[in-house]
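Chains, contacts and geometry: an overview
Spelled out, the chains give:
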Amino acid sequence: MTQEQTPRKYRNVKTEVDGITFDSKAEANRYCELRATKRAGAIQGFGIQPSFVLEGSVRYRPDFIVCDRDGHVWVEDVK
């Protein structure tokens, strides 16, 4: 069985939107929601898979980082 034929751990299906390949349909759907929310002016913007180095040199890469109109920033992991 090749790597492409091996089922993914969570049975996710890679999905492409706007030329971006996401690890799952749920992640692609959240991207579409964030894109629409930004266009509506409800958030300032968002980024895809930012990378942070945490204490102990641990690298954390959430799915999204979001900034609302008031400047509050948070990260999201889609499950």
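For every chain, the first residue of the written sequence is number 1, and numbering continues from 1 onward in sequence order. Reporting of local features is limited, given that this is a predicted model, to residues whose pLDDT is at least 70; pairs of side-chain atoms are given and counted only at 80 or more, and all residues count toward the totals for whole chains, interfaces and linings. As a rule here, side-chain values come from all non-hydrogen atoms in the structure, and water together with hydrogens is ignored.

Focus: the nonpolar core
Let me state the cut-off plainly: Residues grouped as a nonpolar core are buried Ala, Val, Leu, Ile, Met, Phe, Trp, Tyr and Cys residues, joined through side-chain atoms within 4.5 Å. The cut-offs for exposure are 20% and 50% of the maximum accessible area for each residue type, with area from a 1.4 Å probe on protein chains only; residues under the lower value are buried, those over the upper are exposed, and the others partly exposed. Secondary structure follows DSSP: runs of H or I at least 4 residues long count as helices, runs of E at least 2 residues long count as strands, and numbering of each begins at the N terminus.
Formed by Val17, Phe22, Ala28, Tyr31, Leu34, Ile43, Phe64, Val66 and Val78, the largest nonpolar core amounts to 9 residues. Within the residue set of this core, elements represented by two or more residues are helix 1 (25-39) and strand 6 (64-68). When residues of this core are assigned to their parent elements, the largest contribution, 3 residues, is made by helix 1.

Notes on the pairing of strand 7 (residues 73-76)
Note the cut-off: Two strands qualify as a pair provided DSSP detects at least 2 bridges between them.
In the sheet, strand 6 pairs with strand 7 via 4 bridges, with the strands oriented antiparallel. Residue valine 66 lies in a different strand from strand 7, and its bridge partner there is tryptophan 74.

Considerations on the packing of aromatic side chains
Aromatic rings in a pair are described by how distant their centres are and how their planes are angled relative to each other. In plain terms, the rule: Pairs were defined over the aromatic rings of Phe, Tyr and Trp, the Trp ring being its six-membered one, requiring ring centres within 6.5 Å. Orientation was assigned from the angle between planes: stacked under 30 degrees, edge-to-face over 60, tilted for the rest.
In the structure shown here, the tally under the stated rule is 5 aromatic pairs. Aromatic side chains phenylalanine 22 and tyrosine 31 sit 5.1 Å apart centroid to centroid with 40° between the ring planes, which places their arrangement in the tilted category. On the accessibility criterion, phenylalanine 22 (1% relative accessible area) is buried. A residue is classified by how much of its surface remains accessible, and tyrosine 31, at 8% relative accessible area, is buried. With centroids separated by 5.8 Å and ring planes inclined at 70°, the aromatic side chains of tyrosine 31 and phenylalanine 46 adopt a geometry described as edge-to-face. In this pair, tyrosine 31 is assigned in helix 1 and phenylalanine 46 in strand 3 (residues 43-48), connecting sequence segments 15 residues apart. Taken together, the aromatic side chains of Phe22, Tyr31, Phe46 and Phe64 make up a single cluster linked through ring pairs.

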